[in-house]
Amino acid sequence: MVSRTALEAEPDGQPPPEDDHAFFGQPKGLLTLSGLEVWERFSFLGMQAILVLYFADTVAHGGMGMSSGTAASVSAAYGTLVYLVSVAGGWLADRILGSFRAVLWGGVLIACGHYAMAVPTPTMTWVGLGLISAGTGLLKPNVATMVGKLYRTDDERRDAGFALYYMAINIGAFAGPLITGWLGDHEGWHWGFSAAAVGMTFGLIQYVAGRRHLAGRRNTAEFALAPAAMGRAVRLIVVGILVAAVLAVLLTGVGWLTMGRFVDLLTVISVIAPVVYFAVMFMSPRVSPGERGRLRPYIVLFLASTVFNFILFQAYSTMMLLAASNAETTILGFDFPASWYASALGAFEVGLAPVVAALWVRMGPRQPHASNKIAIGVVLGGLSFLLMVLPTSGHANDSYMMSAWWIVGSYFLLGLGDILLETSGMSATTKLAPAAFSSQTMSLWFLSLALANGIQAQTVKLYDDVSKPAYFGVNGAIAVAAGLAVMAAAPWLRRTMHPVH
């Protein structure tokens with residue numbers, strides 16, 4: 001797994017040697033981490049599949065009584081918060097907690113958040129979402145880091161290991177909405193949230209049980225601050241959280257901090273954060289001229305990711321609202337809850353990922369450049385929305401019902417686009433980031449996801465105010481245009497992204 005020197009220096013931080021090929025030729029720790037991700041995605045996406053429906057449902061029926069546009073906006077703001085906190089989660093693991101403890105405590109916070117949401121009161125819903133945001137911010141960026149620690153840099157099994165890991169993510173994404181959606185539809189929304197809580201608890205149990213198979217499980221952080229600096233950092237973090245909480249309570253009490261203003265604040269932060277992050281990298285003396293030159297094409301890829309994920313995340317907001325109000329919930333004579341449509345996305349990604357990987361292997365050096373793969377993914381995301389213009393057009397009112405296959409077809413295009421963009425985008429991120437910022441490359445990617453959610457939080461407010469064909473048509477056309485623009489820039493991107501292929 002690592003050099004003998006490293007093993008001698010940290011005998012309690014590495015898995016047993018016999019673990020190295022124990023899981024289908026992969027390190028056994030991959031089973032532990034993949035299992036955790038199955039349950040984390042089960043709980044996170046299972047809850048998210050019913051969250052916007054819960055927000056939009058009537059109070060009499062156990063919901064929050066929001067309008068569709070407000071429900072989608074608040075749901076998007078929650079996603080913005082999750083990915084903004086993930087940037088801080090990576091830093092906390094590197095400097096204070098260490099990856100193992102960051103993931104462990106993140107999982108505990110997520111489970112507590114889901115249990116809080118199982119309590120049928122609005123206050124506990126907001127408490128739960130806050131805990132889940134903090135927990136996901138600690139867990140999500142650091143699990144992938146721990147997977148990487150199972151392999152040497154030159155280990156040829158690394159890509160295959162990550163492929164298995166991402167398949168586990170999509171298995172959880174497929175299974176979660178099936179369980180939470182059925183419970184939410186038949187027993188009540190908070191029963192669905194309870195299932196998410198139980199799922200995360202299972203994930204934590206198997207994570208702790210399999211800890212001996214994980215690399216880098218020592219208590220200290222890999223790039224820990226000096227004791228004095230760590231003490232100051234912890235005090236500042238605690239004081240900052242307490243001050244923010246007190247200010248939030250006071251401003252809410254006097255009526256200034258409304259839900260709408262909080263959503264707007266998160267959007268502003270999601271825009272400012274990547275601007276500041278890129279400015280710091282461009283101006284840093286630790287970044288060479290060559291690295292600075294590769295940052296320019298990465299900005300294009302960053303924006304492409306933002307556009308695509310703006311569409312993707314609406315699979316759990318506006319698309320879910322459309323499915324609940326205007327799509328049939330019967331396929332081949334089988335009735336199902338509207339939230340089950342979210343499982344189609346995970347199913348398509350599980351099924352299509354091996355096909356796409358095999359295609360690239362077969363094409364070898366003839367496969368498209370990374371920028372073109374990303375561009376195709378963005379175009380497919382746009383087409384998934386443009387497809388919805390057809391079944392939503394030509395109706396006198398909103399009482400029509402479309403065939404379930406329209407939603408399924410849209411999610412097929414979205415799932416295929418996600419596979420093309422996410423795999424190529426993550427790979428390009430790790431290769432184009434300056435060496436001085438290599439440990440923070442995940443932060444860059446998460447900022448594109450935060451920005452996508454931040455923009456979505458504003459755009460979805462129009463969902464109730466414009467016609468459905470106009471909403472899906474304009475957003476889809478913008479995404480297609482963005483993808484075509486990236487294709488047009490391919491010659492420049494290919495030249496400036498070298499050595500990325």
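Treat the numbers as computed from the prediction; the structure is a model and nothing was measured.

### Some details on the environment of A477
Then, number 1: Structurally, A477 is set in helix α17 (residues 468-488).
Then, number 2: When the C-alpha positions of A477 and G381 are compared, they lie 9.9 Å apart, and in sequence the two are 96 residues distant.

### Here's the deal with the environment of Q26
Then, number 1: Tracing the backbone through its elements, the reader meets Q26 in the loop between α1 (4-9) and α2 (29-56).
Then, number 2: The buried category is assigned to Q26, whose relative accessible area is 6%.
Then, number 3: Along the sequence, Q26 and L164 sit 138 residues apart, while their C-alpha atoms lie 9.6 Å from each other.

### So, helix α11 (residues 318-326)
Then, number 1: The buried fraction of α11 amounts to seven of the nine residues, a majority that puts the element mostly inside the structure.
Then, number 2: Buried residues of α11: T318, M319, M320, L321, L322, A323 and N326, and no others.

### What to know about the pattern of salt bridges
Then, number 1: Enumeration according to the criterion identifies three salt bridges in this entry.
Then, number 2: Across the pair E37 and K140 runs a salt bridge whose closest N-O atoms are separated by 3.1 Å. Of the two residues, E37 sits in helix α2 while K140 sits in helix α5 (residues 122-148), which places them 103 residues apart along the sequence. Residue E37 shares its accessibility class with K140, and that shared class is buried.
Then, number 3: The salt bridge involving D264 is made with K461; its shortest N-O contact spans 3.0 Å. Here the residue D264 occupies a position in helix α9 (residues 259-283), and K461 occupies one in the loop between α16 (441-459) and α17, the gap between them amounting to 197 residues.

### Let's talk about the packing of aromatic side chains
Then, number 1: The tally for this structure, following the rule as stated, stands at 18 aromatic pairs.
Then, number 2: Ring geometry for W39 and F42: centres 5.3 Å apart, planes at 65°, overall edge-to-face. Of this pair, W39 and F42 both sit in helix α2, three residues apart, which is roughly one turn of that helix.
Then, number 3: Look at W39 and you get partly exposed, because its relative accessible area is 27%.
Then, number 4: When the ring of Y54 is compared with that of F55, the centres are 5.9 Å apart and the planes differ by 35°; the resulting orientation is tilted.
Then, number 5: Note on Y54: relative accessible area 2%, which makes it buried.

### Observations regarding the side chain of S317
Then, number 1: Note on placement: S317 falls in the loop between α10 (289-312) and α11.
Then, number 2: Excluding residues that lie within four positions of it along the chain, S317 makes contacts with V52, A72 and Q456.

### Remarks on the confidence of the model for the protein
Then, number 1: Taken residue by residue, the protein gives an average pLDDT of 84. The fraction at 70 or more is 90%.
Then, number 2: Within the protein, the lowest mean pLDDT, 35, falls on α1, and the highest, 94, falls on α17.

### Overview of a nonpolar patch on the surface
Then, number 1: A cluster of nonpolar side chains, contributed by V239, V243, L247, L251, V254 and W256, occupies part of the molecular surface with about 570 Å² of accessible area.
Then, number 2: Position of V239 relative to the elements: it lies in helix α8 (residues 227-253).

Conventions adopted
- Residues numbered from 1 in each chain as written.
- Predicted model: local features only at pLDDT ≥ 70, side-chain atom pairs only at ≥ 80, totals over all residues.
- Heavy atoms only, no water.
- Helix = DSSP H or I, 4+ residues; strand = E, 2+ residues; numbered from the N terminus.
- Buried < 20%, exposed > 50% of the residue type's maximum accessible area, 1.4 Å probe, protein only.
- Salt bridge = Lys/Arg side-chain N within 4 Å of Asp/Glu carboxyl O.
- Phe/Tyr/Trp six-rings, centres within 6.5 Å; stacked < 30°, edge-to-face > 60°.
- Contact = heavy atoms within 4.5 Å.
- pLDDT = per-residue confidence, 0-100.
- Patch = residues over 30% accessible without salt bridge, like charges linked within 9 Å, V, L, I, M, F, W, Y side chains within 5 Å.
- Areas by Shrake-Rupley, 256 points an atom, 1.4 Å probe, with all protein chains shown as cover.

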